[in-house]
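Understanding the architecture of this molecule
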Amino acid sequence: MSSAALDILPMSSWIDTDGKPLIIAGPCSAETEEQVWETATQIKAGGYAHVIRAGVWKPRTRPGSFEGMGEAALPWLQAVKKETGLPIAIEVATPQHVELALKYGIDILWIGARTTVNPFNVQDLADSLVGVDVPVLIKNPVNPDLQLWIGALERMNRAGIKKLGAIHRGFSNAQENKFRNSPMWQIAIELKTQFPDLPMIGDPSHMAGKRAYLYEIAQRALDLNYDGLIIESHRDPDKAWSDASQQLTPAALGDMLHELQIRKRSYGDDYQNQLENIRAKIDNLDREMLETLAARMSLVEKLAEYKRDNNVAAYQVDRFRQVLETRSGWGKSLNLYDNLVDEMFKLIHMESIRKQTEVMNNVSA
Ligand code: PEP
Ligand code: MN
């Protein structure tokens, strides 16, 4: 589907980052006045953040979880803004949220992943923002549908919002995955390719789900020339009322940001940038091929455990023949060179056998 251009203002028109990536930091949720105050003042003291974030209304997957403090938290954020001088960003999901956010002087709004999926909700939000001059950041929808993401950006833009940005927070997993939400980088890259002026902000927290993965995801986003990062930080992460395992203390966040390498590159339509853009897509696909291969190998391991426990041989000729035949047919229908597919699967199969033999020679636990 072709896409009309978005009429947007550059990020520098609504936030001064001195040419560096925009850093938005703060707790997943505003829990108490002290928690918000301590977290935000520690972030401010770290000197790395341009914006403080906090969730005031929390969309929770299951009922019975903490659903946010609502309006009561807004004066806490106002106080933090006054103290730190940093603009405040919160999630809005209904026109009532928008009204309250504006009433309490919230500076930046974001639309959450569970809202972006629903054009009715997005349109309601867009209608409530007509005539309002506030930056709006739109998270990708939970499902990997680029058109829905674009549609939400267009709805906001048609309502007159020109201070617009995208937040890439990853996509829900159908299968077990290392990350809480799969990055599927190519979707964000495609958005950036279609709208080169649209600021792209990475959300490593919601992709990772675990502190241990934040760094690699944040670095990847910077390698892809993202315009900023939004990262959750809590004064006492393990005691957070939501998303405890993915939050960092303000000090740990400062350390992590310090370790990240910022590469200077800009997207545009000149030859070099086109080349970079295509290379980024190729790098990304290669990485995903390897991730798929690793997922395949872990299934092979499971298979081997099953065979071992049931005393079945690792290698079965019929199965191998069937693997080669089906893959060769799939390859043909994708216009891939016969030989490439055959050789690749011979290698993969050889490695599978090696792996299975290894597992089967280990005694069952
Ligand atoms: C959040 O930022 O805390 C949040 C709820 O994010 P998402 O909409 O990406 O799930
Ligand atoms: Mn969160």
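The structure under discussion appears in the preceding block.
Read on for an overview of the structure.

So, how was this worked out
- Residues numbered from 1 in each chain as written.
- Chains lettered and ligands numbered in written order.
- Predicted model: local features only at pLDDT ≥ 70, side-chain atom pairs only at ≥ 80, totals over all residues.
- Heavy atoms only, no water.
- Phe/Tyr/Trp six-rings, centres within 6.5 Å; stacked < 30°, edge-to-face > 60°.
- Helix = DSSP H or I, 4+ residues; strand = E, 2+ residues; numbered from the N terminus.
- Lys NZ or Arg CZ within 6 Å of the ring centre and 35° of its normal.
- Near = heavy atom within 4 Å.
- Polar contact = N/O pair within 3.5 Å; in protein donor to acceptor, adjacent residues only side chain to side chain.
- Areas by Shrake-Rupley, 256 points an atom, 1.4 Å probe, with all protein chains shown as cover.
- Nonpolar A, V, L, I, M, F, W, Y, C, P; charged D, E, K, R; others polar.
- Pairing = 2+ DSSP bridges.
- Axes fitted to C-alpha atoms, helices over the stretch in contact; angles between N-to-C directions.
- Contact = heavy atoms within 4.5 Å.

1. Some thoughts on the packing of aromatic side chains
Taken as a whole and assessed by the stated rule, the structure comprises three aromatic pairs. Their ring planes at 65 degrees and their centres at 5.8 Å tell us that Trp185 and Tyr226 sit as a pair that is edge-to-face. Of this pair, Trp185 sits in helix 7 (residues 185-194) while Tyr226 sits in the loop between helix 9 (214-223) and strand 10 (228-232), and the two are 41 residues apart along the sequence. Sitting above the plane of the Phe345 ring, Arg327 keeps its charged end 5.8 Å from the centroid.

2. Brief notes about the site of ligand 1
Within the structure, ligand 1 sits among Cys28, Arg53, Lys58, Glu91, Trp110, Gly112, Ala113, Arg114, Lys139, Arg169, His206 and Glu232. One of the side-chain nitrogen or oxygen atoms of Arg53 is found 2.8 Å away from an oxygen atom of ligand 1. Between Ala113 and ligand 1, the recorded distance is 2.9 Å, taken from a backbone N or O atom to an oxygen atom. Isolated, ligand 1 exposes 290 Å² of accessible area, and the fraction of that covered by the protein chains is 97%. Residue composition of the shell around ligand 1, grouped by class: three nonpolar, two polar and seven charged.

3. Quick notes on the sheet that holds strand 1 (residues 22-26)
Spatial strand order, 1-2-3-4-5-6-9-10: eight strands in a closed barrel with parallel pairing. Across the sheet, the mean angle from the axis of one strand to that of its neighbour is 25 degrees, orientation sign disregarded. The strands touched by helix 6 (residues 146-158) are strand 4 (108-111), strand 5 (136-139), strand 6 (164-168) and strand 9 (200-202); relative to strand 6, the strand with the most contacts, the crossing angle is about 155 degrees.

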